[in-house]
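If you want the building blocks of each chain, they are given just below.
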There are 2 protein chains.
Amino acid sequence: MKKAEATRLTILEKAFELIYMQGYQTTSIDDIIATTKVTKGAFYYHFKNKDEMGLSIINDLLKPTLAGSFIGPLQTDADPLTAIYNLMHNLLMENEFLKVEYGCPAANLTHEMTSWNADFNKALNELTRQWIDAMIDLIERGKTDGLIRKDVNARQATMFVMSGYWGIRNFGKLERSKEVYLPYLNELKNYLETLR
Amino acid sequence: MKKAEATRLTILEKAFELIYMQGYQTTSIDDIIATTKVTKGAFYYHFKNKDEMGLSIINDLLKPTLAGSFIGPLQTDADPLTAIYNLMHNLLMENEFLKVEYGCPAANLTHEMTSWNADFNKALNELTRQWIDAMIDLIERGKTDGLIRKDVNARQATMFVMSGYWGIRNFGKLERSKEVYLPYLNELKNYLETLR
DNA sequence: GCAAAAACATACTACTTAGTATGTTTTTGC
DNA sequence: GCAAAAACATACTAAGTAGTATGTTTTTGC
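Because the structure is predicted, anything quoted here is derived from the model rather than measured. Numbering of residues starts from 1 in every chain and runs along the sequence as written. Whichever chain is written first is A, and whichever ligand is written first is 1; the rest continue in order. Confidence filtering applies because this is a predicted model: local features only for residues at pLDDT of at least 70, side-chain atom pairs given and counted only at 80 or more, and all residues used for totals across whole chains, interfaces and linings. Hydrogens are left out, water is left out, and the side-chain values use all remaining heavy atoms of the structure.

**Points about the relation of the copies chain A and chain B**
Phase 1: Least-squares superposition of the copies uses the C-alpha atoms of those residues scoring a pLDDT of at least 70 in each of them. When chain A is fitted onto chain B, the two copies agree to an RMSD of 0.0 Å after a turn of 180 degrees and an axial shift of 0.0 Å. The relationship between the two copies is best expressed as a two-fold rotation axis.
Phase 2: By definition, residues are in contact when any of their heavy atoms lie within 4.5 Å. Most of the interface of chain A is mirrored in chain B, where 100% of its interface residues are also at the interface.

**Points about the environment of aspartate 151 of chain A**
All names here are of chain A.
Phase 1: Along the polypeptide, aspartate 151 turns up in the loop between helix H7 (118-144) and helix H8 (154-175).
Phase 2: For aspartate 151, a relative accessible area of 57% translates into the label exposed.
Phase 3: Distance from aspartate 151 to leucine 195, taken between C-alpha atoms, is 9.0 Å for residues 44 residues apart in sequence.
Phase 4: Polar contacts, as counted here, are pairs of nitrogen or oxygen atoms within 3.5 Å of one another; within protein the pair requires one atom able to donate a hydrogen and one able to accept it, and residues that are adjacent in sequence qualify only if both atoms are side-chain atoms. Here the side chain of aspartate 151 touches arginine 149 through a polar contact of 2.9 Å, side chain to side chain. A run of H or I in DSSP becomes a helix once it reaches four residues, and a run of E becomes a strand once it reaches two; helices and strands are each numbered from the N terminus. Classification of residues uses two cut-offs on accessible area relative to the type maximum, computed with a 1.4 Å probe and protein chains only: under 20% is buried, over 50% is exposed, and between them is partly exposed.

**Thoughts on the pattern of salt bridges**
Residues and elements named next belong to chain B.
Phase 1: Note on definitions: salt bridges are taken to be side-chain nitrogens of Lys or Arg within 4 Å of carboxyl oxygens of Asp or Glu. Taken as a whole, this structure holds 20 salt bridges over all chains when the rule is applied.
Phase 2: Linking aspartate 30 and lysine 40 is a salt bridge whose minimum nitrogen-to-oxygen distance equals 2.8 Å. Here aspartate 30, found in helix H2 (residues 29-36), pairs with lysine 40, found in helix H3 (residues 40-46); they are 10 residues apart in sequence, far enough to count as distant.
Phase 3: Here glutamate 140 and lysine 143 are joined by a salt bridge, their closest N and O atoms 3.6 Å apart. One end of the pair is glutamate 140 and the other is lysine 143, both in helix H7 (residues 118-144) and three residues apart, which spans about a single turn.
Phase 4: Taking relative accessible area as the criterion, glutamate 140 reaches 35% and is therefore assigned partly exposed.

**A closer look at the packing of aromatic side chains**
Phase 1: Aromatic pairs are defined between Phe, Tyr and Trp rings, using the six-membered ring for Trp, whenever the two ring centres lie within 6.5 Å; interplanar angles under 30 degrees are classed as stacked, those over 60 as edge-to-face, and all others as tilted. Counted under the stated rule, the structure contains 24 aromatic pairs over all chains.
Phase 2: Ring centres of phenylalanine 43 of chain A and tyrosine 44 of chain A lie 5.1 Å apart, and the angle between their planes is 70 degrees; this geometry places the pair in the edge-to-face category.
Phase 3: A relative accessible area of 0% means that phenylalanine 43 of chain A is categorised as buried.
Phase 4: Taking 5.2 Å as the distance between ring centres and 65 degrees as the angle between the ring planes, the aromatic pair formed by tyrosine 24 of chain B and phenylalanine 120 of chain B counts as edge-to-face. Taken as a pair, tyrosine 24 of chain B in the loop between helix H1 (2-22) and H2 and phenylalanine 120 of chain B in helix H7 lie far apart in primary sequence, 96 residues in all. The same class applies to tyrosine 24 of chain B and to phenylalanine 120 of chain B, which are both buried.
Phase 5: Put simply, the rings of Phe160, Tyr184 and Tyr191 of chain A together with Phe160, Tyr184 and Tyr191 of chain B pair up and form one aromatic cluster.

**Concerning the domain arrangement of chain A**
Residue and element names in this part refer to chain A.
Phase 1: Each domain's extent is set by a domain assignment, obtained either automatically or from a database. Splitting chain A by domain gives domain 1 (1-47) and domain 2 (49-193).
Phase 2: Here domain 1 and domain 2 have C-alpha centroids that lie 26 Å from each other.
Phase 3: Each partner contributes to the interface: domain 1 provides 20 residues, whereas domain 2 provides 24 residues.
Phase 4: Put simply, buried area is how much 1.4 Å-probe accessible surface two parts lose in total, over both of them, once they are put together. For the pair domain 1 and domain 2, the summed buried area comes to about 1,800 Å², and 68% of that belongs to carbon and sulfur atoms.

As structure tokens, then:
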């Protein structure tokens, strides 16, 4: 049962790419099987329907990625505020999988799917909650270490930073250039310094 | 030519509502003519195709609204930082047309349309640029009035605040409750105070 | 009051969509 | 090696989609 798992994975990976570029609703199953060169029979053998595949993309692809690229850098012994800034700078300016014109995959799916599918909503909620909690933990650690002011509200500050990230990703889609990221990053640095 | 203009306007208004709730791609023309009780012949008399109607929504409906609810409050003689906070608080917590579960119309359209339609991109770019410029002007005025520090970069600060707004609107769609707005607004207030 | 244009109405088309029915091939356990 | 199940392939369906063709009604200018 090795090859079967491989086709399932290629479906997920190629479908994710298409959805990341085109959106979920506008990516058809015919589209997916055309680029994967997998037949419709194979597709529906692995997934009950389109939505089940979509959920698998979130749970089987995005969640592991989140743990690696988004949460890992927050679980560090380094200076918390520097770690947060570096994470954002890395995600926005250096990450090779995220393209400025396509924005943030999780934010895109949230925008498109929350009204339609409760399961998507739940999965995306779990996904973001993990990231949020990781940042909250880091800020709390910074407070106990004396690197962040005690009167800083960790959840508040986290929501503020995360909102900025999702928002600037959307501005990136609009401008189609990483240039817009720069003023955001500069001011993020200014803001983070005020938390010391 | 009064009644004709009225039908055109009802099409735009009802279509906007549907698109705001459901998204652009997933709102069909049959959907629109069903809720407006306008026939397909009437629809295609007023609009060449679906995209032309979409553009008219941005240019004929959203732009005037933006001027009123979004830009007007920034053209004030009051304290700039208080004005910015009050605007955001009003938009997020009090505005009766914007629903937490549907997010920000302009942000939604940006998410959905930028990759597909260059005209949409241009129209949305103009729309947001107007709002951005208004906030930049207000911050600059605050600097000359001595209400904001001279070393504050107006464009940077504006992009930071606007990103946060678009981002928290998306978190609202995810959580489906204005509760998420509160930590954001609190921290926004903290941030704005650091600009004095 | 009446022709012409504007405004609207109805029936249809060509295409795309998610999903199914019914196959064939490949792998697996014994 | 071979039956049974897993994995894949092909052809189809029913419902929806944007848009068109061809009307009829209403408004407008004179």
